[in-house]
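These are the residues of each chain, in order.
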Amino acid sequence: METWLPWVIQLISGAVGGVGAGAALKNQSLGKVGDAISGAVGGGLAGVILNVLTTLGSSGGAMSAGSIGTDVAGGGIGGAVVMIIVSVIKKAPRQIDNRAIII
């Protein structure tokens, strides 16, 4: 259970961070489900990156308040950031060049 708990915390925190960012930035929202999904993906990625960076110098070990805090913060911030990035990319204006290409 201890190996899955950080993943669960990161995914839930990411989803909450994505939904929170969508609520704060209504014009960037992807809808509740879209915000939650992109947030969960970002939370998982950011949580993994932060855990790798924080455990480089340590020997690993049991769950502590610090590691849970890192999972929550990394997941929430990563979820919000990825939700905003996905929203900006999705809503970017697409320019199509209608000129014929003559070879």
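Residues numbered from 1 in each chain as written. Predicted model: local features only at pLDDT ≥ 70, side-chain atom pairs only at ≥ 80, totals over all residues. Heavy atoms only, no water.

Peer 1: Account for the overall build of the protein chain, with residues named and values stated.
Peer 2: On a plain count of helices and strands, the protein chain comes out with three helices and zero strands. Walking the protein chain from its N terminus toward its C terminus, one meets helices and strands in the order α-α-α. Pairs at least 24 apart in sequence give 83% of the contacts found in the protein chain among residues at least 6 apart. Split by element, the accessible area of the protein chain, about 6800 Å² in all, is 72% carbon and sulfur. (Helix = DSSP H or I, 4+ residues; strand = E, 2+ residues; numbered from the N terminus. Contact = heavy atoms within 4.5 Å. Areas by Shrake-Rupley, 256 points an atom, 1.4 Å probe, with all protein chains shown as cover.)

Peer 1: Go over the packing of helix 1 (residues 5-24) against helix 3 (residues 65-91) with me, naming the residues and quoting the values.
Peer 2: Their axes nearest at 6 Å, the elements helix 1 and helix 3 cross at an angle of 40 degrees. Comparing their axes, helix 3 and helix 1 come out oblique. For helix 1 against helix 3, the interelement crossing comes out right-handed. On helix 3, the residues touching Pro6, Ile9, Gln10, Ser13, Gly14, Gly17, Gly18, Ala21 and Gly22 of helix 1 are Ile68, Asp71, Val72, Gly75, Gly76, Gly79, Ala80, Met83 and Ile84. For the contact of helix 1 with helix 3, the class distribution of residues is eight nonpolar, nine polar and one charged. (Axes fitted to C-alpha atoms, helices over the stretch in contact; angles between N-to-C directions. Parallel < 35°, antiparallel > 145°, perpendicular 65-115°, else oblique. Left-handed = near helix turned anticlockwise from the far one by under 90°. Nonpolar A, V, L, I, M, F, W, Y, C, P; charged D, E, K, R; others polar.)

Peer 1: With reference to specific residues and values, describe a nonpolar patch on the surface.
Peer 2: On the surface, Trp4, Trp7, Val8, Leu11, Ile12, Val16, Val48 and Val52 cluster together to form a nonpolar patch covering roughly 760 Å² of accessible area. Every element with two or more residues in the nonpolar patch is listed here: helix 1 and helix 2 (32-54). A per-element tally of the nonpolar patch places helix 1 first, with five residues. Tracing the backbone through its elements, the reader meets Val52 in helix 2. Owing to a relative accessible area of 44%, Val52 belongs among the partly exposed residues under this scheme. (Patch = residues over 30% accessible without salt bridge, like charges linked within 9 Å, V, L, I, M, F, W, Y side chains within 5 Å. Salt bridge = Lys/Arg side-chain N within 4 Å of Asp/Glu carboxyl O. Buried < 20%, exposed > 50% of the residue type's maximum accessible area, 1.4 Å probe, protein only.)

Peer 1: Give me the lowdown on the packing of helix 2 against helix 3, citing residues and values where you can.
Peer 2: Packing of helix 2 against helix 3 brings their axes to within 6 Å, and their N-to-C directions diverge by 130 degrees. With respect to each other, helix 2 and helix 3 are oriented oblique. Seen along the crossing, helix 2 lies across helix 3 with a hand that is right-handed. Where helix 2 approaches helix 3, its residues Asp35, Ser38, Gly39, Gly42, Gly43, Ala46, Gly47, Leu50, Asn51 and Thr54 are matched on the opposing element by Thr70, Asp71, Gly74, Gly75, Gly78, Gly79, Val82, Met83 and Val86. Residues of the contact of helix 2 with helix 3, tallied by class, amount to five nonpolar, twelve polar and two charged.

Peer 1: Account for the side chain of Ser38, naming residues and giving values.
Peer 2: Mapped onto the fold, Ser38 is located in helix 2. Of the residues examined, Ser38 reaches a relative accessible area of 9% and is grouped as buried. Each residue touching Ser38, except ones within four places of it in the same chain, is listed here: Leu30, Gly79, Val82, Met83 and Val86.

By themselves, these are just geometric observations and shouldn't be taken as functional.
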